[in-house]
Amino acid sequence: MPDSTPPHGDENGHEPTDGYKGPADITVGEQHATVEVELSGHFDPIVGRHVWRGRLREFGGALTPGTPSGPGTEVTLRIQAGDGRTATATGRITEIDLWGSHMIDGISAPPY
C-alpha cells in the first residue's frame, strides 16, 4: 500500500514547523506571569503569512484576580531562545478548553 502522506508538509500542503513547547513570559495589560505554552503553526498562502496558535496552561491562575483572561484578550508572549535571544509575539485568546487551558491565535509573527 503506498504512503498517502505528501512528501512535504501536512495533508493540507502546509509546511511543517517545530513550534515551541516550554515556559513563556506573558503580559496582559500591566500584569506579568510565566506559564507553560504549546505553540505551532504553518505558512498560510491564502493570508500570505505564518499562522500560529497554541495553548497557555494555568494562564488564568497565573494572573492577578480581575485581570482579563477571556476570549478576545490580547496577550504578549516572550520566549527565551536557545541562542540567548528573546522572541516576542502578540496573540489573542480565542477560547478556554475543557481542561481550563486558554487557546491563543497569533496576530503577529510567531515567537519561535
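Everything quoted here is computed from the prediction, not taken from an experiment. (Residues numbered from 1 in each chain as written. Predicted model: local features only at pLDDT ≥ 70, side-chain atom pairs only at ≥ 80, totals over all residues. Heavy atoms only, no water.)

Draft legend 1. Focus on the overall build of the protein chain. Helix and strand counts for the protein chain come out as one helix and six strands. Counting helices and strands in the order they occur from the N terminus, the protein chain gives β-β-β-α-β-β-β. Relative to all contacts within the protein chain whose residues are 6 or more apart in sequence, the contacts with residues 24 or more apart total 46%. If you sum the accessible surface of the protein chain, you get close to 7,000 Å²; carbon and sulfur atoms cover 52% of it. (Helix = DSSP H or I, 4+ residues; strand = E, 2+ residues; numbered from the N terminus. Contact = heavy atoms within 4.5 Å. Areas by Shrake-Rupley, 256 points an atom, 1.4 Å probe, with all protein chains shown as cover.)

Draft legend 2. Structural context of the pairing of strand β3 (residues 49-57). Sheet analysis places strand β2 (residues 31-44) next to β3, joined by nine bridges and oriented antiparallel. For Leu 39, the partnering residue across the bridge sits in β3 and is Gly 54. The hairpin formed by β2 and β3 contains four residues between the paired strands, and Gly 48 there has a positive phi angle of roughly 75°. Bridge count between β3 and strand β6 (residues 102-106): four bridges; the pairing is antiparallel. Directly across from Arg 55, in β6, lies its bridge partner Met 103. (Pairing = 2+ DSSP bridges.)

Draft legend 3. Highlighting the pattern of salt bridges. Evaluation of the coordinates by the stated rule reveals six salt bridges. Taking the shortest distance from any N to any O, the salt bridge between Glu 95 and Arg 53 comes out at 4.0 Å. One end of the pair, Glu 95, is in strand β5 (residues 86-96); the other, Arg 53, is in strand β3, with 42 residues separating them in the sequence. Arg 53 sits in the partly exposed class, given a relative accessible area of 36%. Taken together, the shared-partner salt bridges connect Arg 53, Glu 95 and Asp 105 into one network. (Salt bridge = Lys/Arg side-chain N within 4 Å of Asp/Glu carboxyl O. Buried < 20%, exposed > 50% of the residue type's maximum accessible area, 1.4 Å probe, protein only.)

Draft legend 4. Local environment of the sheet that holds β3. Strand order in this closed barrel of six strands is β1-β2-β3-β6-β5-β4, and the pairing throughout is antiparallel. Recorded for the sheet is a direction-independent mean angle of 45° between the axes of neighbouring strands. Relative to β6, β5 is paired through five bridges, and the arrangement is antiparallel. Across the sheet, the residue bridging to Ile 93 is Ile 104, located in β6. (Axes fitted to C-alpha atoms, helices over the stretch in contact; angles between N-to-C directions.)

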